[in-house]
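Chain and residue survey
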Amino acid sequence: MEVKIEAGWKEILKNEFSRDYFQQIAAFLKTEKVQGKTIYPPGSLIFNAFDKTPFDKVKVVILGQDPYHGPGQAQGLCFSVPDGVPPPPSLVNIYKELHADIGLPIAKTGNLTKWAENGVFLLNAVLTVRANEPASHSKTGWMEFTDAVIRKISAEKTGVVFLLWGKFAQEKQVLIDETRHHVLKAAHPSPFSADKGFFGCRHFSKTNALLAKRGIDPIDWSVAATPSGPTPSERSTLG
């Protein structure tokens with residue numbers, strides 16, 4: 001199977017693409033398409049987090065759970081939405097903590113592409129979802145794939161900072177070798193839990209301090225709207 005993904009990730013993950021569970025993911029998505037189901041994000045953006053943050057550029061990992069399931073929201077980067085889409089509540093709280101932690105103004109755009117391009121790997125544990133049906137693809141095999149991704153980062157890199165927000169993300173801690181990497185944990189930024197330990201966690205300044213100790217350039221946590229331009233042509237991601 002030919003998977004269209006950034007070359008570094010393609011090499012690192014090549015064995016995963018031939019495994020039975022990944023064949024099952026591909027077959028499932030094709031069946032959904034044949035049945036006329038609307039899937040988010042569009043095919044060209046399923047591996048957007050990988051394309052925007054090549055393996056050798058990963059400095060920080062933020063783990064989400066499921067893509068946004070409303071029209072025009074999901075873009076293959078956890079917590080992120082395209083320019084022109086209002087930032088969802090969890091992202092608004094992330095911006096509030098950024099402001100309190102390092103003084104950045106509250107961004108008007110919810111597009112975190114700049115973070116991704118600066119080494120923040122914005123990985124959802126599940127990479128697709130059926131429109132208006134949260135967690136509808138959570139049992140398709142995606143979590144086996146993304147667990148393998150986390151293990152690869154843990155085994156092949158050093159000094160990565162993993163930001164685990166909420167119980168779901170924190171369950172992935174067992175996949176990370178903490179003798180090689182840093183793990184920072186806090187409550188999820190959702191309005192239901194942000195005041196239970198996300199606000200005040202100072203993960204953004206702490207991350208940069210940890211990177212600096214290893215001689216790694218810090219993350220520029222500012223967010224800027226990306227220039228408008230032509231929409232990328234749709235392409236089949238799983239062939």
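What counts, and at which threshold
Counting restarts for each chain, with residues numbered from 1 along the sequence as it is written. Per-residue local features of the predicted model are confined to residues with pLDDT of at least 70, and side-chain atom pairs are confined, for both listing and counting, to 80 or more; whole-chain, interface and lining totals are unaffected and use all residues. Side-chain calculation: all heavy atoms of the structure are included, whereas hydrogens and water are not. Here, strands pair whenever DSSP counts at least two bridges between them. Strands are runs of DSSP state E lasting at least 2 residues, helices are runs of H or I lasting at least 4, and numbering of each runs from the N terminus. For every element, the axis is a line fit to its C-alpha atoms; helices are fit only across the contacting stretch, and the angle between N-to-C directions ranges from 0 to 180 degrees. When the sulfur atoms of two cysteines come within 2.5 Å, that pair is taken as a disulfide. Throughout this description, buried means an accessible area under 20% of the type-specific maximum (1.4 Å probe, protein chains only), exposed means over 50%, and partly exposed covers the range between. Nine residue types can take part in a nonpolar core, namely buried Ala, Val, Leu, Ile, Met, Phe, Trp, Tyr and Cys, and a core is a set of them joined through side-chain atoms within 4.5 Å. Only heavy atoms matter for contacts: two residues are in contact if any of them lie within 4.5 Å across the pair. Geometry of aromatic contacts follows a simple scheme: Phe, Tyr and Trp rings, the Trp one being its six-membered ring, pair when their centres are within 6.5 Å, and the pair is stacked under 30 degrees between planes, edge-to-face over 60, tilted otherwise.

Pairing in this open sheet of four strands is parallel, and the strands run β3-β2-β5-β6 from one edge to the other. If you trace the sheet from one side to the other, it starts and ends with β3 (120–124) and β6 (182–186), each paired once. For this sheet the average axis-to-axis angle between neighbouring strands, irrespective of direction, equals 20°. For strand β5 (residues 161–165) and β6, the ladder comprises five bridges, and the chain directions are parallel. Each residue of the ladder has a partner; that of Phe 162, found in β6, is Val 183.

In this structure the tally under the stated criterion is zero disulfides. Left without a disulfide partner, Cys 78 is nearest to the cysteine sulfur of Cys 201, which lies 14 Å away. Cys 201 sits in the buried class, given a relative accessible area of 7%.

A cis amide bond, omega -10°, links Tyr 40 with the succeeding residue Pro 41. Relative to the assigned elements, Pro 41 resides in the loop between β1 (39–40) and α4 (48–52). Positive phi, normally seen in glycine, also occurs at Ala 135, with a value near 65°. Assignment of secondary structure puts Ala 135 in the loop between β4 (129–130) and α7 (142–156). For Ala 135, a relative accessible area of 40% corresponds to the partly exposed category.

Another point: the nonpolar core. One finds Phe 50, Trp 115 and Phe 145 to be the most contacted residues of the largest nonpolar core, which totals 70 residues. Discounting chain neighbours no more than four positions away, the residues touching Phe 50 are Ile 5, Glu 6, Trp 9, Leu 13, Phe 121, Leu 123, Leu 127, Phe 145 and Val 149.

We now examine the packing of aromatic side chains. Taken as a whole, this structure holds 21 aromatic pairs when the rule is applied. Measuring from centroid to centroid gives 5.0 Å for Trp 9 and Phe 50, while their planes differ by 85°, and the two rings are edge-to-face. Remark: Phe 50 occurs in helix α4 and Trp 9 occurs in helix α1 (residues 7–12); sequence separation between them is 41 residues. Each member of the pair Trp 9 and Phe 50 is classed as buried. With centroids separated by 6.0 Å and ring planes inclined at 65°, the aromatic side chains of Trp 142 and Phe 145 adopt a geometry described as edge-to-face.

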